[in-house]
Amino acid sequence: MKFEGIYTPVVTPYNEDFSINETVLESVIEYLIASGVHGLILAGTTGEYYAQSHEERVHLLECFKSIINGRVPLIVGTGAIRTEDSVHYAELAAKAGADALLVATPPYAVPTDRENALHALAIDRAANLPIMLYNYPGRMGVTMGEEYLDRVGRSPNFCAIKESSGDINRLHLLARDYPHLQLGCGMDDQALEFFAWGASCWVCAGSNFAPEAHLALYQACRVEGDFNKGRRIMSAMLPLMRVLEQGGKFIQCIKHGLVMRGLPVGPPRKPLQNLNKDDKRELEQVIRLMDTTLQYIKEGV
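No experiment lies behind these values; they were computed from the predicted model shown.

Attention shifts here to helix H1 (residues 22-35). Helix length check: H1 (14 residues) gives 20 Å between terminal C-alpha atoms against 20 Å at 1.5 Å per residue, within 8%. When we look at burial in H1, the residues that qualify are Val 24, Leu 25, Val 28, Ile 29, Leu 32, Ile 33 and Ser 35. Contacts made by the buried residues of H1 are with strand S1 (5-9), strand S2 (39-42), helix H2 (54-68) and helix H9 (211-223). Where H1 terminates, the next one or two residues include Gly 36, which has phi positive at roughly 100 degrees.

We now examine the nonpolar core. Leu 101, Leu 133, Trp 202 and Leu 217 are the most contacted members of the largest nonpolar core, which totals 105 residues. When sequence neighbours within four positions are dropped, the list of residues in contact with Leu 101 reads Ile 75, Val 76, Thr 78, Ala 90, Ala 93, Ile 123, Ala 127, Leu 129, Pro 130, Ile 131 and Met 132.

This next bit is on the packing of aromatic side chains. As enumerated under the stated definition, the model contains five aromatic pairs in all. Relative to Trp 202, the ring of Phe 195 has its centre 6.2 Å away and its plane inclined at 80 degrees; by these criteria the two rings are edge-to-face. Each member of the pair, Phe 195 together with Trp 202, is buried. Linked through ring pairs, Phe 195, Trp 202 and Tyr 218 together constitute an aromatic cluster. Just above the ring of Tyr 89 sits the side chain of Arg 57; from NZ or CZ to the centre is 3.8 Å.

It is worth spelling out the pairing of strand S6 (residues 158-163) at this point. The element S6 is extensively covered by neighbouring structure, given that six of its six residues are classed as buried. For strand S5 (residues 131-135) and S6, the ladder comprises five bridges, and the chain directions are parallel. Bridged to Tyr 134 within S6 is Lys 162. Summarising the sheet, S6 and strand S7 (residues 182-185) pair through four bridges and their orientation is parallel. Bridge assignment links Lys 162 to a residue of S7, and that residue is Gly 184. For the crossover that starts at S6, traverses helix H7 (residues 168-177) and ends in the parallel S7, the hand is right-handed.

Closest axis-to-axis distance for the helix H10 (residues 227-245)/helix H12 (residues 277-298) pair is 9 Å, and the angle between their directions is 175 degrees. Relative to H12, the element H10 lies roughly antiparallel. From H10, Lys 229, Arg 232, Ile 233, Ala 236, Met 237, Pro 239, Leu 240, Val 243 and Leu 244 reach across to H12, where they touch Glu 282, Leu 283, Val 286, Ile 287, Met 290, Thr 293, Leu 294 and Ile 297. Residue composition of the contact of H10 with H12, grouped by class: 13 nonpolar, one polar and three charged.

Under the definition given, this model contains zero disulfides. In this structure Cys 185 is not part of a disulfide, and its nearest cysteine sulfur, from Cys 204, lies 7.7 Å away. Using a relative accessible area of 0% as the deciding quantity, one classes Cys 185 as buried. Its sulfur unpaired, Cys 201 is 8.8 Å from the next cysteine sulfur, which belongs to Cys 185. Accessibility expressed as a relative area gives 0% for Cys 201, which makes it buried.

Summed over the entire model, instances satisfying the criterion amount to 12 salt bridges. With its nearest N and O atoms 4.0 Å apart, the salt bridge here joins Lys 2 to Glu 4. Its salt-bridge partner being Arg 151, residue Glu 147 comes within 3.1 Å of it at the nearest N-O pair. With Glu 147 and Arg 151 both in helix H6 (residues 146-152), this residue pair falls four residues apart, about one helical turn. On the basis of relative accessibility, which here comes to 39%, the residue Glu 147 falls in the partly exposed class.

To continue, consider the sheet that holds S7. With parallel pairing, the eight strands of this closed barrel are ordered in space as S1-S2-S3-S4-S5-S6-S7-S8. Neighbouring strand axes in the sheet, compared pairwise and without regard to direction, differ in orientation by 25 degrees on average. Note that S1 and strand S8 (residues 201-203) share three bridges and pair parallel. The residue bridging Ile 6 from the neighbouring strand is Trp 202, located in S8. Along the sheet, H9 makes contact with S1 and S8, crossing S1 at roughly 150 degrees.

This next bit is on the side chain of Ser 155. Mapping Ser 155 onto the fold places it in the loop between H6 and S6. Judged by its relative accessible area of 11%, Ser 155 is buried. Aside from chain neighbours lying at most four places away, what touches Ser 155 is Leu 121 and Asp 124.

Conventions adopted
Residues numbered from 1 in each chain as written. Predicted model: local features only at pLDDT ≥ 70, side-chain atom pairs only at ≥ 80, totals over all residues. Heavy atoms only, no water. Helix = DSSP H or I, 4+ residues; strand = E, 2+ residues; numbered from the N terminus. Expected span 1.5 Å × (residues − 1). Buried < 20%, exposed > 50% of the residue type's maximum accessible area, 1.4 Å probe, protein only. Contact = heavy atoms within 4.5 Å. Core = buried A, V, L, I, M, F, W, Y, C linked by side-chain atoms within 4.5 Å. Phe/Tyr/Trp six-rings, centres within 6.5 Å; stacked < 30°, edge-to-face > 60°. Lys NZ or Arg CZ within 6 Å of the ring centre and 35° of its normal. Pairing = 2+ DSSP bridges. Right-handed = clockwise from strand over helix to strand, strands pointing away. Axes fitted to C-alpha atoms, helices over the stretch in contact; angles between N-to-C directions. Parallel < 35°, antiparallel > 145°, perpendicular 65-115°, else oblique. Nonpolar A, V, L, I, M, F, W, Y, C, P; charged D, E, K, R; others polar. Disulfide = S-S within 2.5 Å. Salt bridge = Lys/Arg side-chain N within 4 Å of Asp/Glu carboxyl O.

Here it is in structure tokens:
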């Protein structure tokens, strides 16, 4: 499978009682497809899979598949602490007709490279689908090291990696030594650098509410090869990226960004809380400024 373009890890809309709001979920998915994103991800970090029951995750898979109806690729996250659970989610995804899997390190367990690779290979055997790896040591506790990459590389299903370490040397390593893995940006403030090193896709939570901005950077850098324009777009987006990453309020910011776009996705699940008034005001200001600046760039000003 060729992972090319902007892939959105979709939020899970909730009602005020924290039940899943299927009506708003459909609106969000329709909004993203209409905006032109290239694929959607279910059960990523932004979707709060870690705060959902098994029954809810299965139900969301059914909802996503029905709403998308083959219009864009669906990538399904298999994140879980136990390998048996990740395998189960992979099997369900394959049965439902998912296009690919997102495979991360089991959180909290802190496996060795060998143990982590055996975990990923078990998922691969169960589903036999294209796999995008998800290296996020900040949340999972360990990095997918070279031994890991060498071991999983024996299966052709491992064809891409979302790199979210923030370590620029990892980007260099992947681009130079693992060219068979399609490189995916998973660190938003390094998107320009990822595209300069040949990244084919960007998995970006901010594209939930600002798909046009993320698509514009992809178009400038990856499609047009115009890095002068890309730098202008990236400069306009950086204040937003700083706000998203500060203070551990990432998911809350993404959800409020969608509220600003007229999509009432509700609160995050506890222990997370909604943004306070000051945080909302700051986010709203940087989004408005970004939108204005990007419009100037679009008009050639």
